[in-house]
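Here's the letter readout for the chains.
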Amino acid sequence: MLAQQIIRSQPRQLLGDSPAVLGEALNDGVNLSVWQRQLPLHIAEFAETLLALGEPLAESLTLEPVGEDEVQLPTLAAAYRDLSGHAGFVADISWLVRAFSCLVDARRIGLRLRVLDKPMCPRFHVDHVPLRLITTYAGAGSEWLQEGGMQRRRLGDPAAEPTDPAAIQRLVAGDVALFKGEKWLGNEGAGIIHRSPQATTAERRLILTLDWLA
């Protein structure tokens, strides 16, 4: 029991350049796994072009993947299907949905694709979900803290936010991260502490999130 308490009090974060690292998020004692990938050029250019248009984008879908079948997303970002790279962009998201679904054996997944021009969650916090996939296609990536970077009991308190930039870890565009939340069985009190990047009003992001719903 003591050993189990030690593991839970010091959750780990794992980063790697292979998608296999994402599976580490399923292990006890790991509350974040990050696939540090380089976005294919045509997808990166599509995302940057979409942001440059200055148009809004906020789409939500509830998906019910079936086994290893390809996930069809015919309506996703349909307003931008004439942009070069759209098909590859949608195919990439379809692959991530299928991989996420297989990883957790999900029957239902919530997908959100959004263009953001301000931080959605400007304070460090934990998510009250089991597991959430987050990836930024263009713009600044999410920020997170290693364990001990902030007192958990003071989450949400502006005065307790870290002031040393070196203490704040940052994802970059292309990274695929699995954020383990408070509702993952055995991870209570150990959800990864994170926040939106502290972007200025001139900076925009294209971000995808996947939630395990059932």
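The structure this text deals with has already been given above.
Structural notes, computed from the coordinates.

Rules of the game
Residues numbered from 1 in each chain as written. Predicted model: local features only at pLDDT ≥ 70, side-chain atom pairs only at ≥ 80, totals over all residues. Heavy atoms only, no water. Pairing = 2+ DSSP bridges. Helix = DSSP H or I, 4+ residues; strand = E, 2+ residues; numbered from the N terminus. Phe/Tyr/Trp six-rings, centres within 6.5 Å; stacked < 30°, edge-to-face > 60°. Buried < 20%, exposed > 50% of the residue type's maximum accessible area, 1.4 Å probe, protein only. Lys NZ or Arg CZ within 6 Å of the ring centre and 35° of its normal. Polar contact = N/O pair within 3.5 Å; in protein donor to acceptor, adjacent residues only side chain to side chain. Contact = heavy atoms within 4.5 Å. Expected span 1.5 Å × (residues − 1). Arc of directions from axis to C-beta. Axes fitted to C-alpha atoms, helices over the stretch in contact; angles between N-to-C directions.

1. Quick notes on the sheet that holds strand S7 (residues 169–170)
Then comes step 1: Spatially, the 3 strands line up as an open sheet ordered S7-S6-S9, and their pairing is antiparallel. The sheet is open, and its two borders are formed by S7 and strand S9 (194–195), each paired with just one other strand.
Then comes step 2: Examined bridge by bridge, strand S6 (residues 143–144) and S7 share 2 bridges and lie antiparallel to one another. Among the inter-strand pairings, Glu143 is bridged to a residue of S7, identified as Arg170.

2. Re the packing of aromatic side chains
Then comes step 1: Counting across every chain of the model gives 4 aromatic pairs.
Then comes step 2: Ring centres 4.8 Å apart and planes at 70° place the aromatic pair Phe89 and Tyr137 in the edge-to-face group. Separated by 48 residues along the polypeptide, Phe89 in helix H3 (residues 86–104) and Tyr137 in strand S5 (residues 131–138) bring together distant segments of the chain. In this pair, the class of Phe89 matches that of Tyr137, namely buried.
Then comes step 3: Through a chain of ring-to-ring contacts, three or more aromatic side chains come together here, namely Phe46, Phe89 and Tyr137.
Then comes step 4: For Arg37, the ring lying beneath its charged end belongs to Trp35, and the centroid distance is 5.3 Å.

3. What about the side chain of Asn31?
Then comes step 1: Inspection of the secondary structure assignment puts Asn31 in strand S2 (residues 30–35).
Then comes step 2: We classify Asn31 as buried; its relative accessible area is 0%.
Then comes step 3: A distance of 3.0 Å separates polar atoms of two side chains, one belonging to Asn31 and the other to Gln13.
Then comes step 4: If near-sequence neighbours (up to four positions away) are discounted, Asn31 is found in contact with Pro11, Arg12, Gln13, Glu147, Arg152, Leu178, Phe179, Lys180, Asn187, Ala190, Gly191 and Ile192.

4. Section: helix H2 (residues 41–52)
Then comes step 1: Taking 1.5 Å per residue as the helical rise, H2 with its 12 residues ought to reach 16 Å, and the 16 Å between its terminal C-alpha atoms agrees with that figure.
Then comes step 2: Those residues of H2 that sit buried are Ile43, Phe46, Ala47, Leu50 and Leu51. On an axial view of H2, the arc spanned by its buried residues comes to 130°, and they lie on one face. Of the residues in H2, the exposed ones pointing more than 90 degrees away from the buried face are Leu41 and Ala52.
Then comes step 3: For H2, the secondary structure elements touched by its buried residues are H3, strand S4 (109–116), S5 and strand S10 (205–212).
Then comes step 4: One or two residues past the end of H2 sits Gly54, with phi positive at roughly 75°.

5. So, the sheet that holds strand S3 (residues 58–63)
Then comes step 1: Across the sheet, which stays open at both edges, the 7 strands sit in the order S1-S2-S8-S5-S10-S4-S3 with mixed pairing between neighbours. On the outer flanks of this sheet lie strand S1 (12–16) and S3, each paired with one strand and no other. When the angles between neighbouring strand axes are averaged without regard to direction, this sheet yields 15°.
Then comes step 2: Both S5 and strand S8 (residues 176–180) contribute to a ladder of 5 bridges, which runs antiparallel.

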